Amino acid sequence: MPKTPQAIRGTQDIFGPDAEAFAFVVETFERVRKLYRFRRVEMPVFEKTEVFARSIGETTDIVSKEMYSFDDRGGESLTLRPEFTAGIARAYLSNGWQQYAPVKLATHGPLFRYERPQKGRYRQFHQIDAEIIGAAEPQADVELLAMADQLLKELGIEGVTLHLNTLGDGDSREAWRAALVDHFRAVKDELSEDSQERLEKNPLRILDSKDRRDQRFVADAPKIDQFLSDDARAFFDAVTSGLDAAGVKWQRAESLVRGLDYYRHTAFEFIPDEGSEAAGKLGSQSTILGGGRYDGLMESLGGAATPAVGWAAGIERLAMLVGEREEDALELAVVVEGDTEQLHSAGVRTAMMARSEGVAAEVFAAGSPRKRFDKAVKSGAKVIMAFGEDGEGNLQAPRMKGDEADIERVSHALREFALKLRD
Ligand code: ATP
Ligand code: MG
């Protein structure tokens, strides 16, 4: 026998309670984004490689070692999207979405990164994503974060806190960067190899390092606050007081930077509190939602300067916190207790009528007629409705089984359907 093919390393086949949790995350996101009037967009799964190379930055982990890039049959270099923001920025410019600015956008779907697969970290994973493009004011950051906070609450996720920082405006960020280079250069030989390389290209990223050798020197590194311009400080103050007004709890995280080059001002992550149940469920892959303001991105793609702020959250990590979820119980099981055409059509039509009225129904009409009723009982259906014939082949009134209230609800739905037919 030929061997059956295996799935690609780092991909997942999601089924059962895990798939229900995944769907619950997406459904809740869809509901909440509508409350905040974010407009849905669907984006291509691949883009020209330069879209990511130019916007995310050549020195980032994503571009330097995580992208799935390939030449297509026409010889063009394409890349499976490793994140949403760059593609959305490209779409904003190529479609002239400036006409809708400020525009609030939401999407979800698969992303691809060549990483070392482990719990909570995959090569194909999924995100929900929200962006506000064309809004320069700190109130946009506040609204975006309030939406994230409400989403987590509606998912029933507890023990997770918003960690917040500012990277300042372009000038503040430059001055901070220079001070960080001085600070880390003094201990260069003791840094990890990766960070030695980052030192010249992208020193902010050393703060983000997960390597213990680097973390020793992160604690006493210069802080952005010393370098903030008055404007940048006022912006951050407006964000924090807006969050307080909106009732969003936050905590200052002075070493928090985002991995990507294009961030300015607000940077944030939602992280499980140490020792919380959420932290236990996630293990070492702890960040569930991250984002910030990326006022510099559109220019790196050749567009006009455009202020924007956004976030993305891993659906798998959110689903891990939500826990396994059962499928909704079946409401109506229709049992066909024989194999005449009359019985089968009574069963099919009853189920069809119930579904038209929003009642989840399934027909049990396959296999041995004697066992159909048992299967219906096993399905856990709230109501069982069995169709049979008498000895002369006449259709009998269906037998109903279940709680009185459930039977009443199903009967009501069927009556409603019948009434509509009469009108
Ligand atoms: P990390 O530090 O965990 O690598 P990141 O900074 O690369 O995260 P972002 O690019 O900001 O992550 O993506 C936002 C969110 O997407 C993360 O907080 C996480 O929930 C999720 N995510 C990122 N990479 C993966 C992955 N390989 N597998 C599963 N989820 C992921
Ligand atoms: Mg990463």
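Read on for a plain summary of the structure. (Residues numbered from 1 in each chain as written. Chains lettered and ligands numbered in written order. Predicted model: local features only at pLDDT ≥ 70, side-chain atom pairs only at ≥ 80, totals over all residues. Heavy atoms only, no water.)

**Re the pattern of salt bridges**
With the rule as written, the count across this model stands at 30 salt bridges. The partner of D141 in a salt bridge is R293, and the shortest N-O contact between them spans 2.7 Å. One end of the pair, D141, is in helix α5 (residues 138-154); the other, R293, is in strand β10 (residues 289-293), with 152 residues separating them in the sequence. An identical accessibility class is assigned to D141 and R293; each is buried. Notably, a salt bridge pairs E197 with K201, separated by 3.5 Å at the nearest N-O pair. Taken together, the residues span about one helical turn, with E197 and K201 both in helix α7 (residues 193-201) at a distance of four residues. Accessibility expressed as a relative area gives 48% for K201, which makes it partly exposed. Taken together, the salt bridges that share partners define one network made up of D61, K65, D194, R205 and D208. (Salt bridge = Lys/Arg side-chain N within 4 Å of Asp/Glu carboxyl O. Helix = DSSP H or I, 4+ residues; strand = E, 2+ residues; numbered from the N terminus. Buried < 20%, exposed > 50% of the residue type's maximum accessible area, 1.4 Å probe, protein only.)

**Re the pairing of strand β7 (residues 160-166)**
By the criterion of burial, β7 is predominantly enclosed, with seven of the seven residues buried. The side-chain alternation of β7 yields two buried faces, one formed by V160, L162, L164 and T166 and the other by T161, H163 and N165. In terms of strand pairing, β7 meets strand β9 (residues 264-272) through seven bridges, oriented antiparallel. Bridge pairing in β9 links L162 to F270. Sheet analysis places β7 next to strand β8 (residues 250-252), joined by three bridges and oriented parallel. Of the residues in β8, the one forming a bridge with L164 is R252. (Pairing = 2+ DSSP bridges.)

All quantities given are derived from atomic positions and should not be read as evidence of function.
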